[in-house]
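# Descriptive structure summary
One letter stands for each residue in the lines below.
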Amino acid sequence: MGNRKQHRVEALSKSIEGAVIKDPNGAHKNIIGYITAFFTVLNITLVRYDNNVAFEKLRHETWEIDEDEYKASFTRKCRGDKNSLKAMGDLGYSGSTFFRTADSKFLVKSLPRHFEHRFFEADLIKPYYDYMASHPDSLLVRITDYVYAPYPTLGNILKLTPSNHIIMENLQYGKPSDPEKDKWEAYDLKPLQYFYPQRDLLPSPLVTETVLKKTLNVFKDKIRITRGEYEELRRTMEEDTMFLESADTVDYSLFLIRFPASSDPRVIGRRRSRFRSGLVSADGLWKYRFATLDFFWSKHNLRTQVLTGAVDAFNVVEQRGPMTVTTSVEDYRQKFLQLVDDLVEVHEDINTSDKSG
């Protein structure tokens, strides 16, 4: 069983690597290719999404990521390893598979649920590109590529090989080389006021017990920053969540990284902000990194509408309250911003304190 799983991992890793390295125009859609691809189970062909070269423009013009260095992340092999991508296991409720590049700069996340990748392709890519291009310091996670299978395959139909994947920045880049890497902490935070039936009632059969135990991820401390830093963070979060509300999206998360203030990890790309490189806490003990991620659950997809009816019926008996994927986009946004407010402990700026004293 272990060898079979390893073979699947290696095959998928090679497919993703090939998609990033190859010219997207090299994949010609024809009947022969369609038939050949359909009978593929593991070694499926993936191609990059190239509509208006949206992701290439974001990488180069907005985030200033060097293209040669970017491709090197998907070709560099560590000694003794066959692939440049390292499997990280099934880490989400949807059963998504995760990889990281050998240099830890980027993560690859599968979108195995049709309604998620369909929403991303049809409704979100163009607005996401427009927003990120005009808001280079946005804290929405930076999606650098989207790769997918241009043809249906048996591997995907049989749920053996996911065919849609996003590539995004790794907020924990720099951790492996940090002498204090054991002190790094990562939190995936959502408003706690909601009931989560996708976790409590309808978890994917691919979700492991380890994932379920990570569900209630609570930051039991405070983010200690100055008033000016808080106002900048709040303003950025307001703009980002206004965009997500306009995209009819709910269920997104605040990803918080905390590591020792003495650490000075590297940063991806030349366009950076202190909220991405590491904001020093007001007490000088920690640095923080922030990102908003997992914004692929649309209120207007059929699954959400069906689940809303099921949860409403369930609540007639159990009275468990609203859930993230059936609440209104306006309500989720307000509770998400309240989550940010509740996490922060504001300290007055030193200059302000001096003047007042």
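Analysis parameters
- Residues numbered from 1 in each chain as written.
- Predicted model: local features only at pLDDT ≥ 70, side-chain atom pairs only at ≥ 80, totals over all residues.
- Heavy atoms only, no water.
- Helix = DSSP H or I, 4+ residues; strand = E, 2+ residues; numbered from the N terminus.
- Contact = heavy atoms within 4.5 Å.
- Areas by Shrake-Rupley, 256 points an atom, 1.4 Å probe, with all protein chains shown as cover.
- Axes fitted to C-alpha atoms, helices over the stretch in contact; angles between N-to-C directions.
- Parallel < 35°, antiparallel > 145°, perpendicular 65-115°, else oblique.
- Left-handed = near helix turned anticlockwise from the far one by under 90°.
- Buried < 20%, exposed > 50% of the residue type's maximum accessible area, 1.4 Å probe, protein only.
- Pairing = 2+ DSSP bridges.
- Expected span 1.5 Å × (residues − 1).
- Bend = angle between axes of the 7 residues up to and from the residue.
- Phe/Tyr/Trp six-rings, centres within 6.5 Å; stacked < 30°, edge-to-face > 60°.
- Lys NZ or Arg CZ within 6 Å of the ring centre and 35° of its normal.
- pLDDT = per-residue confidence, 0-100.
- Core = buried A, V, L, I, M, F, W, Y, C linked by side-chain atoms within 4.5 Å.
- Domains from an automatic or database assignment.
- Salt bridge = Lys/Arg side-chain N within 4 Å of Asp/Glu carboxyl O.

Under an unreviewed UniProt entry, the name given to the protein chain is PIPK domain-containing protein, and the source organism is Monascus purpureus.

### Topic: the overall build of the protein chain
A count of helical and extended segments in the protein chain gives 13 helices and 14 strands. Contacts spanning at least 24 positions in sequence make up 77% of the contacts within the protein chain whose residues lie at least 6 apart. When the accessible surface of the protein chain is totalled, it reaches about 17500 Å², and 51% of it is carbon and sulfur.

### Focus on the packing of helix α5 (residues 114-134) against helix α9 (residues 227-246)
Running from N to C, α5 and α9 point in directions that differ by 155°, and their axes come no closer than 11 Å. When the axes of α5 and α9 are compared, the pair comes out roughly antiparallel. For the element pair α5 and α9, the recorded crossing hand is right-handed. Packed against α5, whose contacting residues are L124, P127, Y128 and Y131, the element α9 presents E239, D240 and F243 at the interface.

### Quick word on unusual backbone geometry
For E64, which is not glycine, the phi dihedral falls at a positive 55°. Tracing the backbone shows E64 in the loop between α3 (54-62) and α4 (67-72). We classify E64 as partly exposed; its relative accessible area is 30%. A positive phi angle, close to 65°, is found at D248, a residue other than glycine. Inspection of the secondary structure puts D248 in the loop between α9 and β9 (249-250). D248 sits in the partly exposed class, given a relative accessible area of 23%.

### Here's the deal with the sheet that holds strand β11 (residues 279-280)
The strand order across the open sheet formed by four strands is β7-β10-β12-β11, and the pairing between neighbours is antiparallel. With partners counted over all chains shown, the strands left at the sheet margins are β7 (185-189) and β11, one partner each. Sitting on the sheet, α9 touches β10 (253-260), β11 and β12 (286-293), and the angle it makes with β12 is about 15°. On top of the sheet, helix α12 (residues 329-343) reaches β7, β10 and β12; it is set at about 20° to β10, its chief contact.

### Overview of α5
With 21 residues, α5 should reach 30 Å at 1.5 Å per residue; the first-to-last C-alpha distance of 29 Å fits that figure. The largest bend in α5 comes to about 60°, at L124, with the proline P127 one to four residues further on.

### Looking at the packing of aromatic side chains
Overall, the coordinates contain 18 aromatic pairs when judged by the stated rule. Members of the aromatic cluster, joined through ring pairs, are Y49, F55, F120, Y128, Y146, Y148, F295 and F296. Lying across the ring of W286, R258 places its NZ or CZ 4.0 Å from the centre.

### Regarding the side chain of R48
Mapping R48 onto the fold places it in strand β1 (residues 47-48). What makes R48 buried here is its relative accessible area of 9%.

### A short note on the confidence of the model for the protein chain
Overall, the predicted model of the protein chain reaches an average pLDDT of 80, with 71% of residues at or above 70. Mean pLDDT across the elements of the protein chain ranges from a minimum in helix α8 (residues 209-213), with 43, to a maximum in strand β8 (residues 223-226), with 98. The low-confidence segment residues 302-307 (pLDDT under 50) makes 14 contacts with residues lying over four places distant or belonging to another chain. Predicted confidence for residues 309-320 stays below pLDDT 50, and this span has ten contacts to residues more than four positions away or in other chains.

### Here's the deal with the nonpolar core
Grouped together as the largest cluster of nonpolar side chains are 84 residues, with contacts concentrated most on F120, Y128 and F290. Element by element, the count of residues in this core is highest for α5, at nine residues. In terms of domain composition, this core takes at least three residues from each of domain 1 (1-170) and domain 2 (176-347). Not counting residues up to four positions away in its chain, the partners in contact with Y128 are F55, L58, W63, V141, R142, I143, F243 and F295.

### Notes on the pattern of salt bridges
What the rule picks out here adds up to 24 salt bridges. D145 serves as the salt-bridge partner of R48, at 3.0 Å between the closest nitrogen and oxygen. With R48 in strand β1 and D145 in strand β5 (residues 143-148), this residue pair connects regions lying 97 residues apart in the sequence. Per residue, the accessibility class of R48 equals that of D145, and both read buried. Here R59 ties to E67 by a salt bridge, and the two come within 3.2 Å at their closest N and O atoms. The class of R59 is buried, set by a relative accessible area of 1%. E67 sits in the buried class, given a relative accessible area of 18%.

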